[in-house]
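# Overview (structure and organization)
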Amino acid sequence: MTEFFDDLETRSREAREADLFDALRRQLAHAAAHAPAYARTLDGVDPGAITDRRALAALPILRKSDLPALQEQDPPLGGLATQEPGGFRRLYLSPGPIVEPEGDEEHWRMGRALHAAGIGRNDRVLNAFAYHLTPAGVMFDHAAAAVGAVVFPGGVGNTAQQVAAIERLRLTAYVGTPDFLKTILERGDDSGADTVSLKTALVSGGPLFPNLRAWYADRGIAIRQCYATAELGLIAYETAGASDGMVIEENVLVEIVRPGTSDPVEPGEVGEVVVTTFNPLYPLIRFATGDMSAVMTEPSPCGRTGLRLKGWMGRADQTTKVRGMFVRPEQVARIVKPHGELGRARLVITEEGGHDKLALHVECDGPPEGLADKLAEALRAECRVRGDVVFAAPGSLPNDGKVVDDQRKLDG
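Small disclaimer: the values here were computed from a predicted structure and weren't measured.

For the structure shown, the criterion picks out three aromatic pairs. An angle of 80 degrees between the planes, with centres 5.4 Å apart, marks the rings of W215 and Y216 as edge-to-face. Assessed through its relative accessible area of 0%, Y216 is described here as buried. Over the ring of W215 we find K182; its NZ or CZ atom is 5.1 Å from the centre of that ring.

Pasting the structure below:
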């Protein structure tokens, strides 16, 4: 018999929908009264009239890609918060740049995903998400506390030390990006370290490719993935195999809309994921993530009654994730802007052996000495990931408007 995180996971769909829309109406009234941006965008909206998804679809979309400009116009939170910035516990700055606030109460709700992955009391968790600048490390730290697990705060990088921690502390579980655990374990293999204590993993921050999932299974590691963002917290999470999709988190309202519009698509149709959360300090209402997915309407074999997403199915725009960090077309423009001798530029993302590969392709006729190093450093500083620089002849890159070219494949 499946052990659920709480009773919310087995509600009838009618009860869940009623609860979500009750929470939505309260959130709409609260946001319009206390957040300057929503006072404008929700002007004239009667919260009491938003009783179903058809009414919800008439409300304006807030796109993640718009956050940097909004926050620049009204720093630091774009007028979306319902309290002054000094009232938050922490403020983070993610690539974009995008500011994310953290209140006094845990609002990312990641514990449900850890529980579904089989991580709980008596587990010793290697948390390989960053604890600085961006909130992922703290998000999963709160999640471990919610399920009673102890955390080793490994953060990113320092692969040899991560191996040593697994061996010495007998760590049993991992949370981090999908490919970094492979890097750690391969380093352990090379050094002859004993890493067999690690049996469970929950990954996020990028797609879990089928070949990488199989690699972990061959090592006896039960791996699940979840879908979350710094702004929204947990959106959906795996409970079984990849073919079973991801169950939508109980405390968010998820829609799938046609990319570039606010119009919901039919069930099963691929579109952009739009999420509404109920964090009273930082309301996000119809927040378009830029991620593509589709709803699975049939019941999950795990016994949870919520709708499911098919998983990550690409981007509605050119923004994508590399090693847990978003990269955007405007970041590429900032990298090359100081160098007038450059023509077109394109950031190409590929996947090789379960690892993300990044290369900045730029057109330049006879690049001067040292330019490659300058561009590589600018890429690392702007996007917070390392990559190669590849020079191309003027006019040789495609004239198709594509600046971020994600060539990774999800079919293995």
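Time to look at the pairing of strand 2 (residues 90-94). In terms of strand pairing, strand 2 meets strand 3 (residues 98-102) through five bridges, oriented antiparallel. Bridging from a neighbouring strand, L91 pairs with P101 of strand 3.

Moving on to the nonpolar core. Formed by 40 residues in total, the largest nonpolar core has its most connected members in Y38, I50, L80, V254, L284 and L309. At five residues, the largest contribution of residues to this core is made by helix 1 (residues 13-34). Leaving out residues up to four positions away in the same chain, I50 has contacts with F21, L24, R25, L28, V45, A55, L56 and L59.

Next up on the list: the environment of G303. Topologically, G303 is positioned in the loop between strand 14 (295-296) and strand 15 (308-309). A sequence separation of 271 residues divides G303 from A32, and the C-alpha atoms of the two residues are 37 Å apart. G303 has contacts with F4 and T10, leaving out every residue within four places of it along the chain.

All right, on to the sheet that holds strand 11 (residues 252-257) then. Read from one edge to the other, the open sheet built from four strands follows the order 1-13-12-11, with strand pairing classed as mixed. Either end of the sheet is taken by a strand with one partner, and the two such strands are strand 1 (62-63) and strand 11. With four bridges joining them, strand 12 (residues 271-277) and strand 13 (residues 287-293) adopt antiparallel strand pairing. Paired with G271 across the two strands is S293, which belongs to strand 13. Contacting strand 11 and strand 12, helix 1 runs over the sheet at an angle of about 95 degrees to strand 11.

Attention now goes to the packing of helix 8 (residues 180-191) against helix 9 (residues 210-218). Taken N-terminus to C-terminus, the directions of helix 8 and helix 9 make an angle of 40 degrees; their axes are 11 Å apart at the nearest point. Accordingly, the angle class assigned to the pair helix 8 and helix 9 is oblique. The element helix 8 and its partner helix 9 pack so that their crossing is left-handed. Residues L181, K182, L185 and E186 of helix 8 pack against L212, W215 and Y216 of helix 9. Among the residues making up the contact of helix 8 with helix 9, the classes are represented as five nonpolar, no polar and two charged.

For the rest of this paragraph, the subject is helix 11 (residues 371-383). Given a rise of 1.5 Å per residue, 13 residues ought to cover 18 Å, and the 18 Å separating the end C-alpha atoms of helix 11 matches this to within 8%. Those residues of helix 11 that are buried are in contact with strand 17 (325-327), helix 10 (329-336), strand 18 (345-352), strand 19 (355-363) and strand 20 (388-392). At the exit of helix 11 stands R384, carrying a positive phi of roughly 65 degrees.

Right, let's talk about the sheet that holds strand 18 for a bit. Picture the strands of a sheet paired through backbone hydrogen bonds; they go either parallel or antiparallel. As summarised here, the arrangement of the four strands in space is 20-19-18-21, forming an open sheet in which the pairing is mixed. Bordering the open sheet on either side are strand 20 and strand 21 (404-406), each of which pairs with just one other strand. Ignoring which end each strand starts from, the neighbouring axes of this sheet average 25 degrees apart.

Right, let's talk about helix 10 for a bit. Turning to helix 10, its buried residues number three or more, namely Q331, V332, I335 and V336. Down the axis, helix 10 shows its buried residues gathered within 130 degrees of arc, on one side only. The elements touched by buried residues of helix 10 are strand 17, strand 18, strand 19, helix 11 and strand 21.

With that out of the way, let us pick up the environment of R344. As for its position among the elements, R344 is in the loop between helix 10 and strand 18. Sequence-wise, R344 and A393 are 49 residues apart; in three dimensions their C-alpha atoms are separated by 9.9 Å. Once residues lying within four places of it in the same chain are set aside, the contact partners of R344 are H361, V362, E363, G395, L397, P398 and N399. Within the local environment of R344, its side chain forms a polar contact with the backbone oxygen of L397, the two atoms lying 3.1 Å apart.

Inspection of the entire model under this criterion finds 28 salt bridges. Residue D194 is joined to R170 by a salt bridge in which the shortest nitrogen-to-oxygen separation is 3.4 Å. Here D194, found in the loop between helix 8 and strand 7 (200-203), pairs with R170, found in the loop between helix 7 (159-169) and strand 6 (173-176); they are 24 residues apart in sequence, far enough to count as distant. We note a salt bridge from D406 to R408, for which the minimum N-O separation is 2.8 Å. Of the residues examined, D406 reaches a relative accessible area of 26% and is grouped as partly exposed. Each of D6, E9, R109, R112, E249 and R304 takes part in salt bridges that share partners, so that together they form one network.

Along the chain, R109 turns up in the loop between strand 3 and helix 5 (111-116). The exposure class assigned to R109 is buried, which follows from its relative accessible area of 16%. If we ignore the near neighbours within four places in the chain, the residues touching R109 are L232, G233, L234, E249, N251 and V252.

Mapped onto the present numbering, the UniProt feature "domain: AMP-dependent synthetase/ligase" (unreviewed entry) falls at residues 162-276. Measuring from the first to the last C-alpha atom of residues 162-276 gives 36 Å, for a span that is 25% helix and 32% strand.

Tracing the chain through its elements places L91 in strand 2. Sequence separation between L91 and L133 is 42 residues, and the spatial gap between their C-alpha atoms is 8.6 Å. When sequence neighbours within four positions are dropped, the list of residues in contact with L91 reads L77, P85, V99, E100 and P101.

How each quantity is defined
Note that residues are indexed from 1 along each chain, following the sequence as it is written. At least 70 in pLDDT is required for a residue's local features to be given in this predicted model, at least 80 for side-chain atom pairs to be given and counted, and no such filter applies to totals for whole chains, interfaces and linings, which use all residues. Hydrogens and water are ignored here; the side-chain numbers use all heavy atoms of the structure. Side-chain rings of Phe, Tyr and Trp (the six-membered ring for Trp) are treated as a pair once their centres are within 6.5 Å; stacked means planes under 30 degrees apart, edge-to-face means over 60, and tilted covers the remaining angles. Working definition: with a 1.4 Å probe on protein chains only, accessible area under 20% of the residue-type maximum means buried, over 50% means exposed, and in between means partly exposed. Ring-over charges, as used throughout, are those where CZ of Arg or NZ of Lys falls within 6 Å of the ring centre and within 35 degrees of the ring normal. Paired strands, in this sense, are two strands between which DSSP finds at least two bridges. Comment: elements are numbered from the N terminus, with helices defined as DSSP H or I runs of at least four residues and strands as E runs of at least two. Put simply, a nonpolar core is a bunch of buried Ala, Val, Leu, Ile, Met, Phe, Trp, Tyr and Cys residues held in one set by side-chain atoms that sit within 4.5 Å of each other. A contact between two residues is defined here by any heavy atoms of the two lying within 4.5 Å. Orientation is described by lines fitted to C-alpha atoms, with helices fitted over the stretch in contact, and by angles between N-to-C directions that extend from 0 to 180 degrees. The cut-offs work like this: below 35 degrees is roughly parallel, past 145 is roughly antiparallel, 65 to 115 is roughly perpendicular, and the gaps in between are oblique. Handedness of a crossing follows from how the near helix is turned relative to the far one, being left-handed for an anticlockwise turn of less than a right angle and right-handed for a clockwise one. All amino acids are sorted into three groups, where Ala, Val, Leu, Ile, Met, Phe, Trp, Tyr, Cys and Pro are nonpolar, Asp, Glu, Lys and Arg are charged, and the leftover types, Gly among them, are polar. Expected span of a helix: the number of residues minus one, times 1.5 Å. Arc definition: directions from the helix axis to the C-beta atoms. In the analysis that follows, any N or O atom pair within 3.5 Å is treated as a polar contact, provided that within protein one partner can donate a hydrogen and the other can accept it, and provided that, for residues neighboring in sequence, both atoms belong to side chains. Just to be clear on terms, a salt bridge is a Lys or Arg side-chain nitrogen sitting within 4 Å of an Asp or Glu carboxyl oxygen. UniProt positions are given in the numbering used here, feature names are shortened, and annotations may be inferred rather than shown by experiment.

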